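Residue strings, one per chain:
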Amino acid sequence: MQYLSTRGDPERKRFCDILLEGLAPDGGLYLPEHYPNISAQLPALRTIYQEQGYAELAFAILSLYIDDIPADDLRALTHKTYTKAVFGTDAITPVRELEQGLWLEGLSNGPTLAFKDMAMQLLGNLFEYELARRKAELNILGATSGDTGSAAEYAMRGKQGVRVFMLSPHGRMSPFQQAQMFSLQDANIFNIAVEGVFDDCQDIVKAVSNDLSFKQQYKIGTVNSINWARLLAQVVYYFAGYFQVTKNDSEPVSFTVPSGNFGNICAGHVARQMGLPIKQLVVATNENDVLDEFFKTGIYRPRSSANTLETSSPSMDISKASNFERFVFDLLGRNSAELKTLFTTTLAEQGFFDLSADPRFQTQHARFGFVSGRSTHADRLATIRAVWQGHQQEIDTHTADAVKVAREVRQAGDEPMLVLETALPIKFSATIIEALGHEPQRPAAFNGIEDLPKRVQVLPADVQQIKAVIEQATQAV
Ligand SMILES: *Cc1c(COP(=O)(O)O)cnc(C)c1O
């Protein structure tokens, strides 16, 4: 399989080349040249999942897209990643029926209790494998306001050839999230609490990445959500969810996905393009409803950071949806010249683009099965309460946004609807207490985590000082 850039660079690459890269050199995002069609293999894939488990299913799907890692090695990597020891159950992403026809698929039973573990755990093993093969090193520099940073650190801790430098806004993450990250004592993990807000952290990451000689000398890389390997890993659980709620391979299902950067649901789009019988892909946003606006009106209007609200589902507080370009590329029939104009010239000149009058938005929009909805803080509280009172189940704030939207969209007698559960409630306990009046359940392994010794350095929002930390750590070896 060869990979191309959405913005039209004629160069084609293999999987392991784009694994360690972020954006393509022309500023675009990588996608496979085509999506392999698996319609005829669905029964076989079902048998693989049922008889050999999630890791073997992951191998079967990944091997359609990865041909520069020997099959035995790739199989070993997926089996090392998707274990009951790490994800808590044999199903890895177990489903439970909330009410007639409405299911939750649990993606948040990994080490950091959020769905980002599903992809990041694999990425950690892929990175270690590929860096060893190349006798190379990587210094991952990232900014986080919560889930991404901890998922990256738990995936990379102790891995050969990789260091992680994770910037977070000092004092602004929840105590549980701080405890998760800062309690890691691994020598290759560097927590840096920046005196500033999340945007300051992101600006520093950009400044360092734009210093090309520093970037090259210190082998700076990222693990952000535009990485194709992360997206590909997420395709697998759409299949696993499908096999758990259907009995045969002609039954359609729909998915509702709490969305921010459009990574998770873009994996659903890929699964659907491969022939998985998905009827609707429902995008659920919070008050930062850039994506809901697009699917309702055809207008894509990224917000400034000043216009991005801080909400109680913070992992969806995005100003622009960084994976969205992949979907628009397919929507435009993969016309990269047109895509490039929209994402560079049009957005720069008028701040939005408008596909409402474009027949491809009307017709292909229907074909790709996307619909959307939004949720507010009040909706979130009401949904968390209703699910508790009706089913004695606690759900987190992001999952609540999706349950709210799924109930709106779903009609009696419709195909089964799977809602992706993207975090456990303990990560966002303040809002759960506001909704239910009690602390959410805490998995036993996390008892007392707030009291563990912390390993973090507090620094001003200063690019030079962050670079100095990277220089020192690299020289110390
Ligand atoms: C990251 C995240 C999301 C949003 O996922 P995208 O792939 O960015 O759309 C939703 N919920 C939780 C808990 C997350 O951590």
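- The name given to the chain in an unreviewed UniProt entry is Threonine synthase, with the source organism recorded as Lampropedia aestuarii.
- Taken from UniProt, the Cofactor (unreviewed entry) comment for the chain reads in full: "pyridoxal 5'-phosphate".
- The record held by UniProt for the chain lists under Sequence similarities (unreviewed entry) the comment "Belongs to the threonine synthase family."

Concerning the side chain of R7
- Residue placement: R7 occurs in the loop between β1 (3-5) and α1 (15-19).
- Within polar-contact distance, the side chain of R7 engages the side chain of E325 at 2.8 Å.
- Look past the residues within four positions of R7 in its chain and what remains in contact with it is D26, G27, G28, E325, S336, L339, K340, F343 and T344.

A closer look at the site of the ligand
- As a structural note, the neighbourhood of the ligand is formed by 15 residues, with K116, D147, G260, N261 and N264 the closest of them.
- With respect to the ligand, the backbone of F262 contributes an N or O atom lying 3.1 Å from an oxygen atom.
- When the ligand sits alone it has 380 Å² of accessible area, and the protein chains cover 97% of it.
- Of the residues contributing to the shell around the ligand, the split by class is five nonpolar, eight polar and two charged.

A few points about the UniProt feature "modified residue: N6-(pyridoxal phosphate)lysine" (unreviewed entry) in the chain
- Under the present numbering, the feature "modified residue: N6-(pyridoxal phosphate)lysine" (unreviewed entry) in UniProt falls on K116.
- In this fold, K116 is placed in helix α6 (residues 116-134).
- We classify K116 as buried; its relative accessible area is 13%.
- Not counting residues up to four positions away in its chain, the partners in contact with K116 are D147, T148, A151 and R230.

Section: the sheet that holds strand β5 (residues 138-143)
- Taken together, five strands build an open sheet; the order of strands is β8-β5-β6-β7-β15 and the sheet is parallel. The open sheet is flanked by β8 (220-221) and β15 (457-460), the only strands paired with a single partner.
- Summarising the sheet, β5 and β8 pair through two bridges and their orientation is parallel. Residue pairing for β8: I140 is matched across the bridge by G221.
- Strand contacts of helix α9 (residues 198-210): β5, β6 (162-169), β7 (189-195) and β8, with the helix running at about 150° to β5, the strand carrying the most contacts.

Here we look at unusual backbone geometry
- Positive phi, close to 65°, is recorded for I92, a residue that is not glycine.
- The residue I92 is located in the loop between α5 (84-87) and β3 (95-99) in this model.
- The buried category is assigned to I92, whose relative accessible area is 2%.
- Its identity as a non-glycine residue notwithstanding, Q392 has a phi of 55°, on the positive side.
- Examined against the element boundaries, Q392 turns out to sit in the loop between α17 (377-391) and α18 (397-409).

Here's the deal with the environment of M156
- Examined against the element boundaries, M156 turns out to sit in helix α7 (residues 147-156).
- Put simply, M156 and P111 are 45 residues apart on the chain and 12 Å apart in space, counted from C-alpha to C-alpha.
- The residues touching M156, leaving out its near neighbours within four places in the chain, are L123, G124, F127, I140, V162, V164, N188, I189 and V223.

Points about empty space enclosed by the protein
- All told, the structure shown has one cavity of 30 Å³ or more when counted by the stated rule.
- In this structure, the largest cavity spans a volume of roughly 50 Å³.
- Lining the largest cavity, in full, are L4, S5, D9, E11, K13, A24, P25 and Y30.
- Of the residues in the lining of the largest cavity, the class split is four nonpolar, one polar and three charged.

Re the packing of α9 against helix α20 (residues 463-475)
- Two elements in contact, α9 and α20, have axes separated by 10 Å at closest approach and are oriented at 65°. Judged on the interaxial angle alone, α20 and α9 are roughly perpendicular. Remark: the crossing between α9 and α20 carries right-handed chirality. Residue-level inspection shows I204, A207 and V208 of α9 in contact with α20, the latter providing V463, I466 and K467.

Reading guide: rules and limits
- Residues numbered from 1 in each chain as written.
- Predicted model: local features only at pLDDT ≥ 70, side-chain atom pairs only at ≥ 80, totals over all residues.
- Heavy atoms only, no water.
- UniProt positions renumbered as here; feature names shortened; annotations may be inferred.
- Helix = DSSP H or I, 4+ residues; strand = E, 2+ residues; numbered from the N terminus.
- Polar contact = N/O pair within 3.5 Å; in protein donor to acceptor, adjacent residues only side chain to side chain.
- Contact = heavy atoms within 4.5 Å.
- Near = heavy atom within 4 Å.
- Areas by Shrake-Rupley, 256 points an atom, 1.4 Å probe, with all protein chains shown as cover.
- Nonpolar A, V, L, I, M, F, W, Y, C, P; charged D, E, K, R; others polar.
- Buried < 20%, exposed > 50% of the residue type's maximum accessible area, 1.4 Å probe, protein only.
- Pairing = 2+ DSSP bridges.
- Axes fitted to C-alpha atoms, helices over the stretch in contact; angles between N-to-C directions.
- 1 Å grid on protein atoms, 1.4 Å probe; cavity = no way out; pocket = protein on both sides within 12 Å on 5 of 7 lines; lining within 4 Å.
- Points joined across faces, edges and corners; volume = space filled by probe spheres on them.
- Parallel < 35°, antiparallel > 145°, perpendicular 65-115°, else oblique.
- Left-handed = near helix turned anticlockwise from the far one by under 90°.

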